[in-house]
Number of protein chains: 2
Amino acid sequence: MDKVKEFEPIFHPNSMAVVGASSDEDKPGNRFLRAMIEFGFKGKLYPVNPEQSEILGRKTYPCIREIPEPVDFAYISTPASSVPRIIEDCVAKGVRAVEIFTAGFSEVGEEGHRLEQEIVALAKGNLRIIGPNCFGVYFPHGGLTLMPGPKYPKESGNIALISQSGGLATHFIWAASGYGLRFSKVMSYGNACDLNESDFLEYLAYDPETKTIAAYVEGVKDGKRFFDLAKGLLGRKPLIIWKGGLTETGKRAVNSHTGSMGGEKAVWQAFSRQTGTVLVDNFEEFLDTTAIFPHFSEGVGRRVAVVGGGGSVGVAASDACEQVGLQIPTSPPDIQQQLRVLLPPAGTSIRNPVDIGTPTLPPSVLQKVLEILLSWDGIDTLIIDRIFLYGTPQLVGMPGADSEKRAEVLVDIRKRVKKPLLAILGELATNVDKIDMETDRRRVQDRFLQAGIAVSPSLQRAVKALSNVCSYYEKACTDK
Amino acid sequence: MDKVKEFEPIFHPNSMAVVGASSDEDKPGNRFLRAMIEFGFKGKLYPVNPEQSEILGRKTYPCIREIPEPVDFAYISTPASSVPRIIEDCVAKGVRAVEIFTAGFSEVGEEGHRLEQEIVALAKGNLRIIGPNCFGVYFPHGGLTLMPGPKYPKESGNIALISQSGGLATHFIWAASGYGLRFSKVMSYGNACDLNESDFLEYLAYDPETKTIAAYVEGVKDGKRFFDLAKGLLGRKPLIIWKGGLTETGKRAVNSHTGSMGGEKAVWQAFSRQTGTVLVDNFEEFLDTTAIFPHFSEGVGRRVAVVGGGGSVGVAASDACEQVGLQIPTSPPDIQQQLRVLLPPAGTSIRNPVDIGTPTLPPSVLQKVLEILLSWDGIDTLIIDRIFLYGTPQLVGMPGADSEKRAEVLVDIRKRVKKPLLAILGELATNVDKIDMETDRRRVQDRFLQAGIAVSPSLQRAVKALSNVCSYYEKACTDK
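Residues numbered from 1 in each chain as written. Chains lettered and ligands numbered in written order. Predicted model: local features only at pLDDT ≥ 70, side-chain atom pairs only at ≥ 80, totals over all residues. Heavy atoms only, no water.

Go over the pattern of salt bridges with me, naming the residues and quoting the values.
Taken as a whole and assessed by the stated rule, the structure comprises 55 salt bridges over all chains. Residue Asp-440 of chain A is joined to Arg-443 of chain A by a salt bridge in which the shortest nitrogen-to-oxygen separation is 3.4 Å. Note that Asp-440 of chain A and Arg-443 of chain A are positioned in helix H17 (residues 435–451) at a spacing of three residues, about one turn of the helix. One salt bridge connects Asp-199 of chain B with Arg-225 of chain B, and the closest N-O pair in it is separated by 2.9 Å. (Salt bridge = Lys/Arg side-chain N within 4 Å of Asp/Glu carboxyl O. Helix = DSSP H or I, 4+ residues; strand = E, 2+ residues; numbered from the N terminus.)

Pasting the structure below:
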């Protein structure tokens, strides 16, 4: 595929120049070079700086043309006015692609726009540009990382992120890694003067490493092409888009951020309906939806059973589910009868939502309750809230053994049951002196994620994400 | 005030009986008694259990009537069928109030309803009942705590919570304590067969300890009285209500939880408009709005300046603010000129939202940027996002000193400036092996809260809460 070949120098460079490298720790050229070294890039790295002969222990060249070996890819963080000359150097050297960190192009107005047009013209037919005003690519498999990311996960995964904002990309990688996500490729692309969102989407459509695509987009260069690509992904790879700047105030902000045009909310909603793209509204929804997708497949549906360690969980779940279009069907008589044997009539509810009465139900009883509900073919997903963190010494001053055992009940069930499980591990006290409670919470979360159980820090967030996943598969099935 | 006197035996009991106390650690009567002892109740505690003579080192009585000294208040966790007899005993003993943990009353149907009516009749004119099907009261000043809460904060504060759900109350106390909230009184009141939401509201209206009231309500017994009380609070004490069960599915759930009737969303929206009550929709909004109130006073307004360490912060803030009715006015020329001296034209924005270009701006520059914005009388609140956690070794592999210094900049400004400051300390990687990042986050959060700076884990959540506070004060001013 041509598109994959086009990205060859970006994702598989044998050598990379860092133009604007510096021994000053506050300069991006220093931080990028250090990040690449620490992250473990296997190719050759050539710092370029006319005023220094060695940076971070590497021989440094005054100009990219003077590097004695071939250079595939270059990172550029010199001042904007110097970038055209550097692009000329790159063309002369035979560099095939650049990522330009430098800002001060079309996002700052007329003069910047002219400068941006100049570098586009110089590069055309010679090399491809990511940026300017971007952080570039993170590709763990190839040892490539974004500027502040020497400590990003080194393992690859099957999630791709394209993000017009570099800051958002770095923040998302951290947050998503907490939910067990690992990335195939991340591309922060800023002003998108050459390679743009459609190019990345087309590449990712064919990328065998990528199964799910998340995109933070401020503006779209070619609406028709983007639409067709998004539509083509339906049923093959879920596409989740957070479109920044859909309000009047937001439009003004995207213009000064990446020089993009905002867009109308109604247009994007129609886009979402017609392409099956999941359109999200904010960072949490973007993160949650992306994180939850790998846990669900085409079998996912809107019928939910909820098990809560307390009655208010059921009330909150009922309201939240109905608001996002998920259903909580009443459990049929045979399921109710089986549950009634285990749960006393007082202080519990067997109708769905199922209130087990106390978060500290004995593990053996919890196991049976969950198994009974999972045997009910009238539900598609089981949500469990306010159970697994309770009974710990930190929280209630009691021995914590049962708390761990309750978590193991779910892990064990996961091995035997196909139906998706979604555990809510809610916010606890967030003071620094309660950090042990958070450690417990994370231990359970990591354990669940490892076992293939979806987790969320909030019922509200979880059901919104689940509804998004349902919408995607409903559209994908209808359009088959 | 009569209402305050009525609550005297509840909040200032000299002695308390625990009917259903047990040496079995899994029984609520054991856990409640232990919680009270550990929490440090200063009055006398009398376990009551006909089959044991000593529980947790305390002499135990077979019946409350046989306690040789007066008993003001009693906790009851014996089976539902025994409760009428115990109420008779309490009346005979001269007990003035009880909190009934036991469930199995009107929430389970006809027979339970009859039983509940029976205890109401027995108590009438003799003693007051909280519950049944509740966790009772938490009152740190008096050494009273809820069942699972020996480790709740022992310091008092000025937030009151009334909660029809005990589980929700316990969860809220933990979560709110993380945001520095401390409680005057918490009352979990379940089925509300005698004392109900209106009684609590009336009491809290006069309680000098209480400045803000949060209420989780599933049903209201006397709508007119509740309306009048809520309306009377406007301009005196903010009232935040999370009404559970406003959807069809939710109504079913509140009925099996506390035997309550749901209610219509439109009715509650009208209630909110007419009384100035802040109506929230879910746990996070309930928590955030309650937590943010103490940081804002009548001077609060909808004009916001946003400072972001990266351009996507400004975009997200713009969209989020507009969606909830907050304004982000463009900064006037003199403010822009002052900012331009500090921030290079490339990679930043000075218009508001202000993009400082990098989360790791030198502290001295950050200080000036914030001071310039705070000198602008066109804004009411300053929101700062994606700045204070960056530059730490865990996150970017760099020395962390500047990160701490940036946090101190805000603490220092807080001392000199009156305008409310709201810092967003967003979700970072949530794996257990990244717990050090969370410790850093919490250290900054605790520092800010202590200094009187509002914090939130999410921009989205923060602006919704801020908008709620604005709505409250707008209504309070209009109605003056």
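Moving on, there is more to tell.
For the pairing of strand E10 (residues 183–188) of chain B, give the residues involved together with the corresponding values.
All names here are of chain B. With respect to burial, E10 is a largely interior element, six of its six residues being buried. Two elements, strand E8 (residues 136–138) and E10, share three bridges in a ladder whose sense is antiparallel. Across the sheet, the residue bridging to Gly-136 is Ser-188, located in E10. Judged from the five bridges that link them, strand E9 (residues 159–163) and E10 form a sheet pairing that is parallel. Its bridge partner lying in E10, Leu-161 is registered against Val-186. You can see the chain leave E9, run along helix H6 (residues 166–178) and come back into E10, and the turn it takes is right-handed. (Buried < 20%, exposed > 50% of the residue type's maximum accessible area, 1.4 Å probe, protein only. Pairing = 2+ DSSP bridges. Right-handed = clockwise from strand over helix to strand, strands pointing away.)

A description of the packing of aromatic side chains should follow, citing residues and the corresponding values.
Counted under the stated rule, the structure contains 56 aromatic pairs over all chains. A ring pair is formed by Tyr-46 of chain B and Tyr-61 of chain B, whose centres lie 5.9 Å apart and whose planes are at 75°; its orientation type is edge-to-face. Of this pair, Tyr-46 of chain B sits in strand E2 (residues 44–48) while Tyr-61 of chain B sits in the loop between strand E4 (58–59) and strand E5 (73–76); the two residues are 15 residues apart in sequence, bridging distant segments of the chain. Geometry around Phe-11 of chain A places Lys-185 of chain A over its ring, the cationic atom sitting 5.3 Å from the centre. (Phe/Tyr/Trp six-rings, centres within 6.5 Å; stacked < 30°, edge-to-face > 60°. Lys NZ or Arg CZ within 6 Å of the ring centre and 35° of its normal.)

Mind laying out the side chain of Asn-49 of chain A, listing which residues take part and the relevant values?
Within the secondary structure layout, Asn-49 of chain A lies in the loop between strand E2 (44–48) and strand E3 (54–55). A distance of 3.1 Å separates a polar atom in the side chain of Asn-49 of chain A from a polar atom in the side chain of Gln-52 of chain A. (Polar contact = N/O pair within 3.5 Å; in protein donor to acceptor, adjacent residues only side chain to side chain.)

Give me the lowdown on the environment of Val-120 of chain A, citing residues and values where you can.
Residue and element names in this part refer to chain A. As for its position among the elements, Val-120 is in helix H5 (residues 110–123). Of the residues examined, Val-120 reaches a relative accessible area of 21% and is grouped as partly exposed. Residues Val-120 and Arg-442, spaced 322 residues apart in sequence, show a C-alpha to C-alpha distance of 47 Å.

Which residues make up the packing of helix H4 (residues 83–93) of chain B against helix H5 (residues 110–123) of chain B, and what are the values?
Residue and element names in this part refer to chain B. Where H4 contacts H5, the axes come no closer than 9 Å and their chain directions differ by 5°. It follows from the interaxial angle that H4 and H5 lie roughly parallel. Of the residues in H5, those touching H4 at Val-83, Pro-84, Ile-87, Glu-88 and Val-91 are Leu-115, Glu-118, Ile-119, Leu-122 and Ala-123. A per-class count over the contact of H4 with H5 returns eight nonpolar, no polar and two charged. (Axes fitted to C-alpha atoms, helices over the stretch in contact; angles between N-to-C directions. Parallel < 35°, antiparallel > 145°, perpendicular 65-115°, else oblique. Contact = heavy atoms within 4.5 Å. Nonpolar A, V, L, I, M, F, W, Y, C, P; charged D, E, K, R; others polar.)

Run through the sheet that holds strand E11 (residues 212–217) of chain A, naming residues and quoting values.
Residue and element names in this part refer to chain A. On the basis of which strands lie adjacent, the open sheet formed by six strands has the order E8-E10-E9-E11-E12-E13 and mixed pairing. Looking at the sheet topology across the chains shown, the edges are occupied by strand E8 (136–138) and strand E13 (278–280). Along the sheet, successive strands turn relative to each other by an average axial angle of 15°, direction set aside. Sheet topology places E11 next to strand E12 (residues 239–243); five bridges connect them, and they run parallel. Counterpart to Ala-214 in the pairing with E12 is Ile-240.

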